[in-house]
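For reference, the chains in residue letters:
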Amino acid sequence: MKLIRFGAPLKERPGLLLEDGTRVLASACCDDYTESFFESGGLERLREWADANAANAPRVDASERLGPPISRPSKIICVGLNFSDHAAETNATPPAEPILFFKATSAYCGPNDNLIIPRHSTKTDWEVELAVVIGKTARYVEESDALDYVAGYALHNDYSERAFQIERCGQWVKGKSCDSFAPLGPFLATPDEFEDVNNLRMWLKVNGETMQDGNTSNLIFKVPFLVSYISQFMTLLPGDVISTGTPAGVGMGMDPQRFLKAGDVVELGIEGLGDSRQEAVACA
Ligand code: ZN
C-alpha cells in the first residue's frame, strides 16, 4: 500500500495512491495517519478497507497539494555519516556506532513544498535519504525483531544549513531544523511493496544536474540495526521517522563547495518510493 495525505498544510486528509497511479480519498476508513492510527492497527484496517472499497472511493484531483504522508511525528531522528563515501567527502571517519541527531518536527513538510532558504543562510545543502516510519511502540527491540516495528518507508530530503550545523557551536540540530527542511514523501510505502529495501537506487538533482546517485545497499548501519539501536536510548512511537543517512554528492563535499539559492530546483527520488521536487525561495 502507498499512503498519501493531501490538502492544505496541517489540514491534510488521508488517501491512497493506487497501482494505476490514481489517488483516492480514505477518509471513510480513518481520520488521519497519526500515532493512534498506527498504534491501534490502522494499517490492517486500511488494507481491509482498501481491498473492498478503494476502487470505488472518491478520486483526488491531481492538482491537490500533497502533504507529508503521515501526520507530524513525535520525533524525526536522523543518522549521520551512514554512507562511507559521504563520510569520506566530508573528511570524517566512518563512525563505530550510529551518529544520531534530531531534526525539529516543525521542519516537516510536503514533498513538493518550497524549500525556504533561512535568514542569514549561506550554506543550505541537500541530502537524499531513505526514511523509515515506525509502526508500533518500540523500546529495547532486538535486531531480529526490528522489522516488525516498521510501518513503511518514504523519501526524505534532509536539508542542512552547514554554517548553522558546523560553524555555530554545539549540536547539529541548529542546521537541520529550519522550516521546510524535512520534506517527506510523496507517499509512505508499506514493507510488502519491496523485495529488498537494502538495494534501492537513490538520486538527487539540482537544476537538472545529477548531484547524488547512490544505493541503500551502501548503508553502513542497516534498517533493522538502526531501529534496534535507537530503541536502546529512547522509545520510538508509532509514526516516528528515522532518516537513515545520505550518500556522497552533497554540496559541502564538492570542490568548490556548492549551496542552494532562491530559484534553484531540487529533484530527488528513491526506487519504489517515488520522487519529489522542491523549489528554493528566500525567507520572507
Ligand atoms: Zn542526513
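Quantities reported herein were computed from a predicted structural model and do not represent experimental measurements.

Caption draft 1: Structural view of the sheet that holds strand β19 (residues 275–282). Here five strands make up an open sheet; going across it, the order is β8-β19-β18-β15-β16 and the pairing mixed. Every other strand in the sheet has two partners, leaving β8 (115–117) and β16 (209–215) as the edge strands with one partner each. Neighbour to neighbour, the strand axes of the sheet diverge by 20 degrees on average, direction disregarded. Sheet analysis places strand β15 (residues 201–206) next to strand β18 (residues 265–270), joined by five bridges and oriented antiparallel. Looking at β18, one finds that Lys-205 is bridged to Glu-267.

Caption draft 2: Examining the coordination of the zinc ion more closely. For the zinc ion, the full set of protein donor atoms is Glu-127 (OE), Glu-129 (OE) and Asp-158 (OD), at a range of 1.9 to 2.0 Å. Overall, the relative accessible area of 1% leaves Glu-129 in the buried class.

Caption draft 3: A look at the nonpolar core. Within the largest apolar cluster, 84 residues are counted, with the highest numbers of intra-cluster contacts made by Leu-3, Leu-16, Tyr-33, Leu-46, Tyr-153, Ile-242 and Leu-273. Take this core: its biggest share by element is six residues, from strand β10 (residues 128–134). Inspection of this core shows a minimum of three residues originating in each of domain 1 (2–66) and domain 2 (70–282). Filtering out sequence-adjacent residues up to four positions away, Leu-46 remains in contact with Met-1, Leu-3, Leu-16, Ala-26, Cys-29, Tyr-33 and Phe-37.

Caption draft 4: Representation of the domain arrangement of the protein chain in the model. The assigned domain composition of the protein chain is domain 1 (2–66) and domain 2 (70–282). Relative to domain 2, the C-alpha centre of domain 1 lies at a distance of 24 Å. Across the boundary between the two partners, domain 1 contributes 17 residues, which contact 20 residues of domain 2. Between domain 1 and domain 2, roughly 1,600 Å² of surface is buried when both sides are summed, and carbon and sulfur atoms account for 55% of that area.

Caption draft 5: Quick peek at the pairing of β16. Judged from the six bridges that link them, β15 and β16 form a sheet pairing that is antiparallel. Bridge assignment links Arg-201 to a residue of β16, and that residue is Asn-215. Counting the residues in the hairpin turn of β15 and β16 gives two residues, including Asn-207, whose phi is positive at 50 degrees.

Caption draft 6: Focus on the environment of Val-24. Considering the arrangement of structural elements, one finds Val-24 in strand β3 (residues 23–25). Look at Val-24 and you get buried, because its relative accessible area is 0%. Sequence separation of Val-24 and Ala-54 is 30 residues, and the distance between their C-alpha atoms is 6.9 Å. Setting aside its immediate chain neighbours within four residues, Val-24 contacts Pro-14, Gly-15, Leu-16, Leu-18, Ala-54, Ala-57, Pro-58, Arg-59 and Val-60.

Caption draft 7: Layout of the layout of surface pockets. What the largest pocket holds in volume is close to 330 Å³. Pro-9, Leu-10, Arg-65, Tyr-108 and Cys-109 are the residues nearest the centre of the largest pocket, which is lined by 19 residues in total. Considered class by class, the residues forming the lining of the largest pocket number six nonpolar, five polar and eight charged. When residues of the lining of the largest pocket are assigned to domains, at least three fall in each of domain 1 (2–66) and domain 2 (70–282). Considering the residues around the second largest pocket, the lining is formed by 14 residues, among which Leu-43, Glu-44, Gly-135, Val-150 and Ala-151 are closest to the centre. Sorting the residues of the lining of the second largest pocket by element identifies α2 (42–53) and β11 (150–157) as the ones contributing at least two each. Looking at which element gives the most residues to the lining of the second largest pocket, the answer is α2, with four residues. Viewed by domain, the lining of the second largest pocket spans two of them, domain 1 (2–66) and domain 2 (70–282), each represented by three or more residues.

Caption draft 8: Spotlight on the pattern of salt bridges. Counted under the stated rule, the structure contains 15 salt bridges. In this structure, the salt-bridge partner of Lys-75 is Asp-240, at a minimum N-O distance of 2.8 Å. Taken as a pair, Lys-75 in the loop between β4 (66–67) and β5 (76–80) and Asp-240 in the loop between α5 (223–230) and β17 (241–243) lie far apart in primary sequence, 165 residues in all. The residues Lys-75 and Asp-240 share a single accessibility class, namely buried. Through salt bridges with shared partners, a single network forms among Lys-103, Asp-125, Glu-127, Asp-158, Arg-162 and Lys-176.

Caption draft 9: Main features of the side chain of Lys-75. On the basis of relative accessibility, which here comes to 14%, the residue Lys-75 falls in the buried class. Within the local environment of Lys-75, its side chain forms a polar contact with the side chain of Ser-74, the two groups lying 3.4 Å apart. Not counting the four nearest positions on each side in its chain, Lys-75 is found in contact with Phe-102, Thr-105, Met-234, Thr-235, Leu-236, Leu-237, Asp-240 and Val-241.

Here is what the cut-offs are and how they apply
Residues numbered from 1 in each chain as written. Predicted model: local features only at pLDDT ≥ 70, side-chain atom pairs only at ≥ 80, totals over all residues. Heavy atoms only, no water. Pairing = 2+ DSSP bridges. Helix = DSSP H or I, 4+ residues; strand = E, 2+ residues; numbered from the N terminus. Axes fitted to C-alpha atoms, helices over the stretch in contact; angles between N-to-C directions. Donors = N, O, S within 2.8 Å, 3.2 Å for Na, K, Ca; no water. Buried < 20%, exposed > 50% of the residue type's maximum accessible area, 1.4 Å probe, protein only. Core = buried A, V, L, I, M, F, W, Y, C linked by side-chain atoms within 4.5 Å. Domains from an automatic or database assignment. Contact = heavy atoms within 4.5 Å. Buried area = accessible area lost by both parts, 1.4 Å probe. 1 Å grid on protein atoms, 1.4 Å probe; cavity = no way out; pocket = protein on both sides within 12 Å on 5 of 7 lines; lining within 4 Å. Points joined across faces, edges and corners; volume = space filled by probe spheres on them. Nonpolar A, V, L, I, M, F, W, Y, C, P; charged D, E, K, R; others polar. Salt bridge = Lys/Arg side-chain N within 4 Å of Asp/Glu carboxyl O. Polar contact = N/O pair within 3.5 Å; in protein donor to acceptor, adjacent residues only side chain to side chain.

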